[in-house]
Protein chains: 2
Amino acid sequence: MKRKRIPQTTIARLPLYLRYLLKLARKGLRIISSYELAEHVGTNAAQLRKDLSYLGEFGTRGVGYDVAELIRQISKCLGLTKEWKIAIVGMGKLGPALLGYKGFEQEGFKIVAIFDKNPKKIGKKMGNLVVSDVTNLKEVIEKVGGVDIGIITTPASVAQKVANQLIDAGVRAILNFAPVTLGVPSNVVLRQVDLTTELQILSFHLT
Amino acid sequence: MKRKRIPQTTIARLPLYLRYLLKLARKGLRIISSYELAEHVGTNAAQLRKDLSYLGEFGTRGVGYDVAELIRQISKCLGLTKEWKIAIVGMGKLGPALLGYKGFEQEGFKIVAIFDKNPKKIGKKMGNLVVSDVTNLKEVIEKVGGVDIGIITTPASVAQKVANQLIDAGVRAILNFAPVTLGVPSNVVLRQVDLTTELQILSFHLT
DNA sequence: AATTTCTTGTGAATTTAGGCACAAGGCTAT
DNA sequence: ATAGCCTTGTGCCTAAATTCACAAGAAATT
Ligand SMILES: NC(=O)c1ccc[n+]([C@@H]2O[C@H](COP(=O)([O-])OP(=O)(O)OC[C@H]3O[C@@H](n4cnc5c(N)ncnc54)[C@H](O)[C@@H]3O)[C@@H](O)[C@H]2O)c1
Ligand SMILES: NC(=O)c1ccc[n+]([C@@H]2O[C@H](COP(=O)([O-])OP(=O)(O)OC[C@H]3O[C@@H](n4cnc5c(N)ncnc54)[C@H](O)[C@@H]3O)[C@@H](O)[C@H]2O)c1
């Protein structure tokens, strides 16, 4: 087959496949069919097979997919073979909740720096990190050897400014929780987690 | 024009338009063009106009859109004219962060009940609510006069069970933060907030 | 009243995603 | 070997979303 660009939608589904495959592996299961995997991820077998076909051919016809091999391939495709370093900016309500979440480190995302602007929070210990002053963001990030992903959990009013600081410090991926549309250069990846929007979409469907 | 079904993608963008329009209204601006509005929400003018055209025709050619009118129409379309009642299940790290967020109530989403299973948390006051035992979920929800949206912030292992309880209590919309694919009947709307997936998508783009 | 100017609203074209249906191909049993 | 079984991989068609490009229409100007 001529290998094509992986669709955005496929990329968004790969983590779901991976999650269920890891669960299967923990249970000791070695082989899974497209039908069964699709079922558990809430999609259909044809879509699952097409998604996987973008990464290569690693099923066995008449049998199914090798769980360990699929895990390896999806992880490789998503770039999960290395550990990514994360900084969180804004240690209010949401920031500490994210910091305290064990799941990220288990999946290879390590939080290495946390920032705030409030003098009452700066210097405070949270988890096993100390809150740094956002004014020194660039220097602190340099000191920890660079950061791959920046998470913004500040008020919306300063989110763009924080994004600019992160980008200036060499961060090339941003996950933004503040309810504003951020502008970033095209070499920076941005994803938005927008909880009010989620509720409003639910509201639409309830109406 | 023959009025067609509103695309999913349009529905997901309406909240972003609304958010920026409210900002404009606060600044006292009365008229906005599709170009300028599109610019600020990170899309293009043609898409914005097409999106709005699904709701009706309320622009003035040669002039632009009336900010107040657009706010009214989008709010109506999204069902934001009434107040929606919310229950949060799981008062660990994430649950209280959501509870403490002022933004939801400002947008017409009122948290009216919070649940946990841990006896140490049950009965504790959080915000101006008291944590109820999840075992009594149905009765508590009945007592507050019903709940429209359920937010799940429990461990993944119990998320499906909690979803079933919510549905059994008459909840027809669910926002799930637990990293599992939930199964719900077709008359229930489900949205997933999946932070690990978001990070993995960023990881893909960094690779 | 006619002309100019500007921005909307929308058919049509294009691009992207989804799903069917079946040939291809590996495994097992005889 | 060979036949039968089973599940993958994918060509092709359908549906959904995006983008283009321009006619339609409102206000301002002459
Ligand atoms: N908490 C929620 O459940 C929730 C829900 C939806 C959206 N959000 C959004 O997420 C963001 C964070 O929410 P929150 O509830 O944690 O807010 P919060 O007000 O509790 O915390 C914000 C933190 O950012 C810090 N801060 C302010 N300016 C800063 C700067 N320039 N640099 C670094 N830190 C700075 C503040 O000192 C504070 O600690 C907000 O934009 C909010 O709108 C939160
Ligand atoms: N905290 C984060 O930043 C984060 C990030 C990504 C995903 N998540 C997911 O969000 C969910 C919540 O995360 P968290 O960090 O708040 O977890 P947490 O462990 O801090 O809190 C979970 C809470 O749910 C309660 N609980 C357990 N079983 C229950 C039941 N049957 N009914 C009601 N409550 C019950 C627990 O007592 C606890 O208070 C988890 O599924 C987690 O994987 C969290």
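Structure first, text after, so check above.
On a predicted model such as this, the values are computed, not experimentally measured, just so you know.

Moving on, we get to the relation of the copies chain B and chain A. After a rotation of 180° and a shift along the axis of 0.0 Å, chain B superposes on chain A with an RMSD of 0.1 Å. Such a combination of turn and shift is consistent with a two-fold rotation axis.

Attention now moves to the site of ligand 1. Neighbouring ligand 1 are 25 residues, the closest being A:K93, A:L94, A:D116, A:T154 and B:Y101. Neighbouring residues of ligand 1 are not confined to a single chain but are spread across chains A and B. Separating an oxygen atom of ligand 1 from a backbone N or O atom of A:G92 is a distance of 3.4 Å. Between an oxygen atom of ligand 1 and a side-chain N or O atom of A:K121, the distance comes to 3.1 Å. Expressed as a share of its isolated accessible area of 820 Å², the protein-covered part of ligand 1 is 86%. Judged by its atoms lying within 2 Å of the grid points, ligand 1 is housed in the second largest pocket.

Further remarks concern the sheet that holds strand β1 (residues 31-32) of chain B. Hydrogen bonds along the backbone pair up the strands of a sheet, which may run parallel or antiparallel. Residues and elements named next belong to chain B. What the three strands build is an open sheet, ordered β1-β3-β2; its pairing is antiparallel. Each edge of the sheet is formed by a strand with only one pairing partner; in this case those strands are β1 and β2 (59-60). Two strands pair when backbone bridges link them, and β2 and strand β3 (residues 64-66) are joined in this way by two bridges, in the antiparallel orientation. Paired with G59 across the two strands is Y65, which belongs to β3.

Attention now moves to the layout of surface pockets. Empty space within the largest pocket amounts to approximately 1800 Å³. Looking at the largest pocket, it is lined by 48 residues, and the ones nearest its centre are A:R191, A:E198, B:A12, B:R191 and B:E198. Listing elements by their share of the lining of the largest pocket, those giving two or more residues are α1 (8-27), β10 (189-192) and α9 (195-206) of chain A together with α1 (8-27), β10 (189-192) and α9 (195-206) of chain B. The biggest single contributor to the lining of the largest pocket is α1(A), with eight residues.

So, on to the site of ligand 2. Ligand 2 sits among 25 residues. The nearest are A:Y101, B:K93, B:L94, B:D116 and B:T154. With respect to ligand 2, its neighbouring residues span chains A and B. Within the backbone of B:K93, one N or O atom sits 2.9 Å away from an oxygen atom of ligand 2. B:K117 has a polar backbone atom sitting 3.4 Å from a nitrogen atom of ligand 2. Across the complex, the protein chains shield 87% of the 820 Å² of accessible surface that ligand 2 would expose by itself. Every element with two or more residues in the shell around ligand 2 is listed here: α5 (94-99) of chain A together with α8 (156-168) of chain B.

Moving on to the protein's contact with DNA strand C. In the vicinity of DNA strand C there are 29 residues, among which A:K50, A:R61, B:S34, B:R49 and B:Y65 approach most closely. Taking all atoms of DNA strand C within 4 Å of the protein, the share assigned to sugar and phosphate is 65%. Within the side chain of A:N44, a nitrogen or oxygen atom sits 2.8 Å from a phosphate oxygen of DNA strand C. Within the side chain of B:R61, an N or O atom sits 2.9 Å from a sugar or linking oxygen of DNA strand C. Secondary-structure elements contributing two or more residues to the surface near DNA strand C are α1 and α3 (45-53) of chain A together with α3 (45-53), β2 and β3 of chain B. Top element by residues in the surface near DNA strand C is α3(A). It accounts for four residues. Its residues assigned to classes, the surface near DNA strand C shows seven nonpolar, 13 polar and nine charged.

What counts and how
- Residues numbered from 1 in each chain as written.
- Chains lettered and ligands numbered in written order.
- Predicted model: local features only at pLDDT ≥ 70, side-chain atom pairs only at ≥ 80, totals over all residues.
- Heavy atoms only, no water.
- Least-squares fit on C-alpha atoms with pLDDT ≥ 70 in both.
- Near = heavy atom within 4 Å.
- Polar contact = N/O pair within 3.5 Å; in protein donor to acceptor, adjacent residues only side chain to side chain.
- Areas by Shrake-Rupley, 256 points an atom, 1.4 Å probe, with all protein chains shown as cover.
- 1 Å grid on protein atoms, 1.4 Å probe; cavity = no way out; pocket = protein on both sides within 12 Å on 5 of 7 lines; lining within 4 Å.
- Sits in = over half its atoms within 2 Å of the grid points.
- Pairing = 2+ DSSP bridges.
- Helix = DSSP H or I, 4+ residues; strand = E, 2+ residues; numbered from the N terminus.
- Points joined across faces, edges and corners; volume = space filled by probe spheres on them.
- Nonpolar A, V, L, I, M, F, W, Y, C, P; charged D, E, K, R; others polar.

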